[in-house]
Structure formats: structure tokens, C-alpha cells
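Understanding the architecture of this molecule
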Amino acid sequence: MKSRVLSPCRDIDYYEAHEQDIRLEDITSDDINAEILRMLRYDDWNDLVNLINLSRERTNFGDSSRFAIRENDDCGWLGYFIGKSQKLEMMFFDYFLGRERIDALMVGLCCNQSIQRIQVDRDIGEAGFRGLGNFLGNNQSVKHMNFYSFDIGSECAQNIASMFGQCQYTSLKHIEICENNLHDEEFAQIAAALAVQPQIEELVLCDNIIGRLGCIALGSTLKSWRAPSLKKLYISIRDIDDECIQVMAAGMINCSSLSELNLSGRYLTGEVGLRSFADVFQSESCCMEKLCLSEMSIGFDGASALAAGFSRCSSLKSLNLSHNILGDAGLDAIVAGLANSSNLEELLLSSNGTFSSTGLGSLATLFRTAENLKELSLANNGINDEGLQALSAGMRNRCNVSKLNLSNNTITDVGLQALVSGLINNSKLENLQLSGHRSITVAGLRSLSAFFQSESCALKTIWLVDMSIGDDGASALADALVGNKSLKELRLSCNTSGITALGWSAFSKLLCDTSSVNNTYLSNHTLELIGRWNNGGTPPDIARYLEMKQRFVTQVAMVKVITSHPHLKMEPFFPWRLKFLPLVVACFDKVKFIFGRSETGQDLSIVYQFVRGMPLFVVRSYAGENAHRKRKRDEREA
């Protein structure tokens, strides 16, 4: 460890000499702060609390990790005990301490070797960032540094840049600067300072105002790194041009370990800059697995430029081109570029204008080559019945998609019926999103029955939010789910779906048909949710049945039978004689354990019915058992 940073007033020797005599209540302003110092002093942290948050006030009185700094709190002792801790893992700065106090805090803090994450939620001033630089230079454990949700102005940006530019912090791997209202010029300073941090593996720069200057500075930094370690780059941009993209692409080519790129925002021009991205994907060292280029106005020309790079990027697993302007021509170009992407698992193409049967027919060919494709999102693309028919035709023979999003298109009953025909033999699909299609009627919903009843159906969640389901639609869905063993979540809008008490009664019967014990046992015990979140808005009786599944899991059928039939008739089981009685008693023992009580005394009632129905058999069995015990006892005594 490097030499300790000393305070002008007190050094580490001072604190070590006086530690045994110090009373924590004398150097803190309240009991919670004193308790935090005690935990630091003795490293008495529990498994749930291994962080400390320096703040001005404590919003929750029970927050045992928030050290509320007031006039009577000695920051020097606080820093000393933080420096000694070997278990403290996270530290948050949510308060501007002032130069004198931050200097005192940093004397001890710079000795700490356990902290792994630092989060700054306020501008801590020049002294604070300088002190953090000293701390990062001494500490070999800090991997994450976050700047979250506070305004980074010009002076603050200079201080952050100065901190990052002090020296290389070899342990620091992840930097996040998010929601800081950080402007282009200010970010350019920080990006330039990162030139001495080539060990960074993840750089997240979201929800700021980063434009041309900042992106050029970042691209230049990436290109300047020797033996860079960057694996993930997430950046939100504003009004960048082709030159900017070209500089960033040159930097990315230098980062041979870059596997995730998320570049989203407003892009002013077209294919020239995007063609430089093709060079990134075509480079021999490219290992790109996850690419997001959303909200960048990418049309046919841009898609064609990107596709040239995709054709040689065999490592690509996830591609997100949502919120662009691809249209059919752009979609066709992208599909052609992905023809050899056998590792592709996720393709997100929502909100790209209008996809007709032409473009979707081209997309359907991808199912034959991208055998590992697990997720396909086509929401909000104006897809009509004809387009869905073209897509479904390609899904019949070979489709391994497990999540399909078709929400907010223009699909009617005809399109849904075509989709079902494409999915009928699909054994992979687990999540289907059809929300926002108010033109789908009971006829379309009834067609889902063929899919739900299929032996290959593996669907776990279906989204039918913002749809006019009505009572007839609810009955159709309930009938379709009779006997289904896969669907757990039926997501719909309870208050705006048009379902009344009549429709809900169909769901109630589906979950627990009380007409007979056998029908109750054969009811649907797989569904756990009907509605949006946590069964909110679902009628109480239905919510109760759904909660039974979540609570009792494998015993839900037994619980429904017992709670729905208070007087079970035992005559059908008499032919089993007493062989069945232990099973019934064991069953009620489980119910007692679940509910903490016997449900309506049913266990005693059942035993009584057995005794009353077969008294001589019970007596003989009891007498025979006693005789057997007496014979065994006599044999032992002999």
C-alpha cells in the first residue's frame, strides 16, 4: 500500500494513539451514527448491511446505513474507522462536506482496502474529487464508480476529469455517468481524461446531453488506449454526424474485446458513418455479441451499410434496431446481412414504420438459418393480417423463438388465426405479446384454443392488455385453458377489457369447478396470474385461487378440494377399506400444517364416516392389531 495521506491537523498516528480512549457518543450527533461507527470499529456488519451513505439528513429513521453528517459529527474519526474496516464494500456520497471536513475524512478513508463500489450522488467539490483520486490511487479493490442523478456542471466536470487524469486506477473496471444533465463540452473533458484508464471494462453514459464534441473526444480516447480492456459501451447521443461516428468506429476497432455496444439517440446523417461501423464488425478481432442502435433514423441506406458488416460478424447474438425507419427495404437488407448469423438469439425491430407481407416474408426465411433465435420483437410496425400470414408461414416448420412480441399492430381475427396455425406445433414459445389489438374479437380468441390444447404448447405468459375481450372473450379463453398445463400468466387489463361478473365467473370455474370433487381436482391449477401485476383488479375469489397456486404450489389441488367441499363423502372409497384412511389423514395433516389449523374439522368427520360405514371391519382390525401386539409381547417375555 502506498504511503498514507495525512491531514494538516491529524494523521493516522493520532487516531491510532487515541482510539482506545474515544467515546463514540462524543464524536457523533445521534445514536444511529454512533452505531455505524461501532460497526465500522469492530467490523460488525451483517449480511444485509455492508455499505455506508454519507448524507445531510436521514429520510428513514430506521436506515442503519445512512450516516447523517451534522455539526457534532467528527469526519476525521469517521474516515479513520472506514479506513480500518475490512468488510465495508460500498460507499455513497450524498452530501457536500466542505473542504475541511472532506480533508479530514480522506486521511483515514485512503487506508481502506475493502470498498468495491463508490457512488457519488452530489457534487462534492474540488477537495472531494481530489481526495477520491488519492483514495483510488491507494485502494486496490474499487471496481465500480457511479455518478448518478445530479447536475454535472462545468466546474464539477473539470474536477471529475482531474480526478480521472491523476493516474491509472488499475482496479477500476466500471464507470457509470447517468442522468447528470451532462453537456457536450463538459463530457469532452471527462472523456479526454479517461485516456489514462485503459483498464476500464464497462463504460455507461446514459441520459445526458452528449453530442459531437463528446463523442469525438471519446473516440479519440478509445483509439489512444494501449491493450484496452473495454467490453461494454453504453452511450446516449444527441445530434452527431458522420465524422463523429467515424472517429468512434476507429476507437472501437482498437478495442478488440468490445462485445456490447449500445448507441442510441439522434443521428443527423446516413450511411457514410454507419458504413464505418461495418468496418468494426468486419475486423478480424471483432467479438461483438450485443449491438443496440436505436432511435438513429436508420433507413434503407443505413441498413444496407450495416448489413455489409453483419455478414462477417459470426459472434453477434443480440441486435436491437428499434425506433428507426427501416421499412420493408431496410428489413430485407438486414435479413440478408444476417443470413450467416447462426448465433443470433435476439432480434428487436419494434417501431420501424410499416412492415408488409413483403418484408415479413423475407424475415420468415431467417427462421431457417438463425436456429438459435430466441426472441423476436415486431411491436408497433403496422403489421396487418396479410403480413402476419407471411410471417406465420415461415414459423410452421422451423421456429425456436421463445418470446414473440407483436403488440400494437393492426392484426384482426384472421391474422391471429394464421398465427395459431404457425405456432400449433411450436414447443419453444413461452411468451407471446398481442396487446393493443382491439379489433380481435371472440372468434380470434377462440382460435387460441388449438394452440393451448396442443401437446407441444409450452406457453407460460400471454399478453392481451388493452384489448376488448368482453364476457364472450373471457369465456372463450377460459374454455381454451381447460386442461392446459403450461400457462402461468394471462395478462390483461381488468378494468378496461369489458369483462363483467359473467365473464369472470368463467375464469372462476376454470380455476375451481366446485360442481364435484372430481371436477375441482381436474380444474386448472397452473395459472398464477390473471390481470396486470400481482393480480391487481382481479375479483377477490379469483385472486384467492391464483394465490393458492403461488402459496401451495404442488398441493394446490388438495387445498382447493378441501376448502371447496366442507363435507366430503367417503362412501366411494369404502371398497379400499382402511387402506385409504391413512392417506386421507396424512392429507389433512398437511392442510393443518399449511393453514395452521384443521379446516372445519373435516379430518374428524372423515374418520367418523369410515367408522360408521364399516364398524365391524374397524373393530376387527383394532382387535386383531391388539392381539398381534399381545402375542409379540408374550413371545419376548417367554
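Presented here is a report on the structure given in the accompanying data block. None of the values given here were measured: they were computed from a predicted structure.

**Concerning the overall build of the protein**
The helix and strand tally for the protein stands at 25 helices and 18 strands. Counting every position in the protein, which comprises 638 residues, the buried fraction comes to 53%. Long-range pairs, those at least 24 residues apart, make up 82% of the contacts in the protein with a sequence separation of at least 6. Total accessible area on the protein stands at roughly 28600 Å², and carbon and sulfur atoms take up 49% of it.

**Some thoughts on helix H7 (residues 184-193)**
Of all ten residues that make up H7, seven are buried, and the element is covered over most of its length. The set of residues buried in H7 consists of Asp 184, Glu 186, Phe 187, Ala 188, Ile 190, Ala 191 and Ala 193. Where H7 is buried, its residues touch helix H6 (154-165), strand E6 (174-178), strand E7 (202-210) and helix H8 (212-224).

**Points about the nonpolar core**
Counting residues in hydrophobic clusters, the biggest one holds 179 residues, and the most contacted among them are Phe 93, Phe 147, Phe 164, Phe 277 and Phe 507. Not counting residues within four places of it along the chain, the set of residues in contact with Phe 164 comprises Met 145, Phe 147, Tyr 169, Leu 172, Ile 175, Ile 190, Ala 193, Leu 194, Val 196 and Gln 197.

**A word on empty space enclosed by the protein**
With the rule as written, the count across this model stands at two cavities of 30 Å³ or more. Considered as a void within the structure, the largest cavity measures approximately 60 Å³ in volume. Lining the largest cavity are Met 252, Ile 253, Cys 255, Ser 256, Leu 258, Val 280, Ser 283, Ser 285, Cys 286, Cys 287 and Met 288. Split by residue class, the lining of the largest cavity holds eight nonpolar, three polar and no charged. Of the volumes computed, that of the second largest cavity is approximately 30 Å³. Contributing to the lining of the second largest cavity are Phe 367, Ala 370, Glu 371, Leu 373, Arg 398, Cys 399, Asn 400 and Val 401. Residues belonging to the lining of the second largest cavity are distributed by class as follows: five nonpolar, one polar and two charged.

**As for the packing of helix H12 (residues 327-337) against helix H13 (residues 357-364)**
For any two helices packed against each other, one specifies the crossing angle of their axes together with the interaxial distance. Put simply, H12 and H13 touch, their axes get as near as 8 Å, and they point 10 degrees apart. Of the possible angle classes, the one that applies to H12 and H13 is roughly parallel. Of H13, the residues touching H12 (which contributes Asp 328, Leu 331, Asp 332 and Val 335) are Thr 358, Gly 359, Leu 360, Ser 362 and Leu 363. Split into classes, the residues belonging to the contact of H12 with H13 amount to four nonpolar, three polar and two charged.

**A few points about the pairing of strand E3 (residues 90-94)**
Taken across its five residues, E3 has four buried, putting it largely inside the fold. Note: strand E1 (residues 51-55) against E3, five bridges, orientation parallel. Bridge pairing in E3 links Asn 53 to Phe 92. By the bridge criterion, four bridges tie E3 to strand E4 (residues 117-120) in an arrangement that is parallel. If you follow Phe 93 over to E4, its bridge partner there is Val 120.

**Description of the packing of aromatic side chains**
Taken as a whole and judged by the stated rule, the model has 14 aromatic pairs. Measuring from ring centre to ring centre gives 6.5 Å for Tyr 14 and Trp 77, while their planes differ by 50 degrees; the resulting arrangement is tilted. Within this pair, whereas Tyr 14 is found in helix H1 (residues 12-18), its partner Trp 77 is found in helix H3 (residues 75-84), the two being separated by 63 residues in sequence. Take Tyr 14: its relative accessible area is 30%, and that puts it in the partly exposed class. Judged by its relative accessible area of 2%, Trp 77 falls in the buried class. Judged by centre distance (5.5 Å) and plane angle (20 degrees), the ring pair of Tyr 15 and Tyr 80 falls under stacked. Within this pair, whereas Tyr 15 is found in helix H1, its partner Tyr 80 is found in helix H3, the two being separated by 65 residues in sequence. Relative accessible area serves as the criterion here: at 6%, Tyr 80 is assigned to the buried category.

**A word on the pattern of salt bridges**
Throughout the structure, instances matching the rule amount to 18 salt bridges. Arg 212 is the salt-bridge partner of Asp 241, the closest N and O atoms lying 2.8 Å from each other. Taken as a pair, Asp 241 in the loop between strand E8 (232-240) and helix H9 (242-254) and Arg 212 in helix H8 lie far apart in primary sequence, 29 residues in all. Through salt bridges with shared partners, a single ionic network connects Arg 99, Asp 103, Glu 126 and Arg 130.

**A few points about the state of the cysteines**
With the rule as written, the count across this model stands at zero disulfides. No disulfide involves Cys 110; its sulfur sits 7.1 Å from that of Cys 111, the nearest cysteine. Looking at the unpaired Cys 215, the closest cysteine sulfur is the one in Cys 244, lying at 3.9 Å. Here Cys 215 falls in the buried class, since its relative accessible area comes to 0%.

**Looking at the pairing of E8**
As defined by bridge partners, E7 adjoins E8 across five bridges and the pair is classed as parallel. Each bridged residue has a counterpart across the sheet, and for Glu 202 the counterpart in E8 is Lys 232.

**Here we look at the side chain of Gln 199**
Here Gln 199 shows up in the loop between H7 and E7. A relative accessible area of 5% places Gln 199 in the buried class. A polar side-chain atom of Gln 199 sits 2.9 Å from the main-chain carbonyl oxygen of Tyr 169. A distance of 2.9 Å separates a polar atom in the side chain of Gln 199 from a polar atom in the side chain of Gln 197.

**Observations regarding helix H15 (residues 385-395)**
Within H15, burial applies to Asp 385, Gly 387, Leu 388, Leu 391, Ser 392, Gly 394 and Met 395. In this structure, the buried side of H15 is in contact with H13, helix H14 (366-369), strand E14 (403-405) and helix H16 (413-423). Measuring from the backbone nitrogen of Glu 386 back to the side-chain oxygen at the start of H15 gives 3.2 Å, which picks out Asn 384 as the cap.

**Here we look at unusual backbone geometry**
Its identity as a non-glycine residue notwithstanding, Asp 207 has a phi of 60 degrees, on the positive side. If you trace the backbone, Asp 207 turns up in strand E7.

**A few points about the environment of Glu 271**
Tracing the chain through its elements places Glu 271 in helix H10 (residues 271-282). Along the chain, Glu 271 and Asp 242 lie 29 residues apart, while their C-alpha atoms are 8.2 Å from each other. Beyond its immediate sequence surroundings of up to four residues, Glu 271 is in contact with Asp 301, Gly 302 and Ala 305.

**A word on the environment of Lys 485**
Among the secondary structure elements, Lys 485 is positioned in the loop between helix H18 (470-480) and strand E17 (489-492). It is 8.4 Å that separates the C-alpha atoms of Lys 485 and Ala 458, two residues lying 27 residues apart in sequence.

**Quick notes on the packing of H16 against helix H17 (residues 442-452)**
Packing of H16 against H17 brings their axes to within 8 Å, and their N-to-C directions diverge by 5 degrees. Between H16 and H17, the angle is such that the two are roughly parallel. Residue-level contacts link Asp 413, Leu 416, Gln 417, Val 420 and Leu 423 of H16 to Ala 443, Gly 444, Leu 445, Ser 447, Leu 448, Ala 450 and Phe 451 of H17. The residue inventory of the contact of H16 with H17, partitioned by class, reads eight nonpolar, three polar and one charged.

Parameters and conventions
Residues take numbers from 1 onward in each chain, read along the sequence in its written order. Per-residue local features of the predicted model are confined to residues with pLDDT of at least 70, and side-chain atom pairs are confined, for both listing and counting, to 80 or more; whole-chain, interface and lining totals are unaffected and use all residues. Only hydrogens and water are removed before side-chain values are computed, so all heavy atoms of the structure are retained for them. Segments assigned H or I by DSSP are reported as helices when at least four residues long, segments assigned E as strands when at least two residues long, and all are numbered from the N terminus. Working definition: with a 1.4 Å probe on protein chains only, accessible area under 20% of the residue-type maximum means buried, over 50% means exposed, and in between means partly exposed. Residues are treated as being in contact if the distance between any of their heavy atoms lies within 4.5 Å. Residue burial considers only the protein chains on display, and all accessible areas are found by Shrake-Rupley using a 1.4 Å probe. We define a nonpolar core as any set of buried Ala, Val, Leu, Ile, Met, Phe, Trp, Tyr and Cys residues linked to one another through side-chain atoms lying within 4.5 Å. Here a cavity is any set of points on a 1 Å grid over the protein atoms alone where a 1.4 Å probe fits but cannot get out, and a pocket is any open set with protein on both sides within 12 Å along at least 5 of 7 lines; a residue lines the site when it has an atom within 4 Å of a point. Grid points are joined across faces, edges and corners, and a volume is the space filled by probe spheres set on the points. The nonpolar class holds Ala, Val, Leu, Ile, Met, Phe, Trp, Tyr, Cys and Pro. Asp, Glu, Lys and Arg form the charged class, and all remaining residues, Gly among them, are polar. Helix axes are fitted to C-alpha atoms over the stretch in contact, other axes to C-alpha atoms as well, and angles between N-to-C directions run from 0 to 180 degrees. Angular relationships are summarised with four words: roughly parallel below 35 degrees, roughly antiparallel beyond 145, roughly perpendicular across 65 to 115, and oblique for the angles in between. Strand pairing is defined by DSSP finding a minimum of two bridges between the two strands. Note on ring pairs: Phe, Tyr and Trp rings are taken, using the six-membered ring of Trp, and paired if centres are within 6.5 Å. Classes follow the plane angle, with under 30 degrees stacked, over 60 edge-to-face and the rest tilted. What makes a salt bridge here is a side-chain nitrogen of Lys or Arg within 4 Å of a carboxyl oxygen of Asp or Glu, nothing more. For the purposes of this analysis, a disulfide is any pair of cysteine sulfur atoms at a distance within 2.5 Å. Under the rule applied, a polar contact is a pair of N or O atoms within 3.5 Å (in protein, one hydrogen donor and one hydrogen acceptor; residues adjacent in sequence only if both atoms are side-chain atoms).

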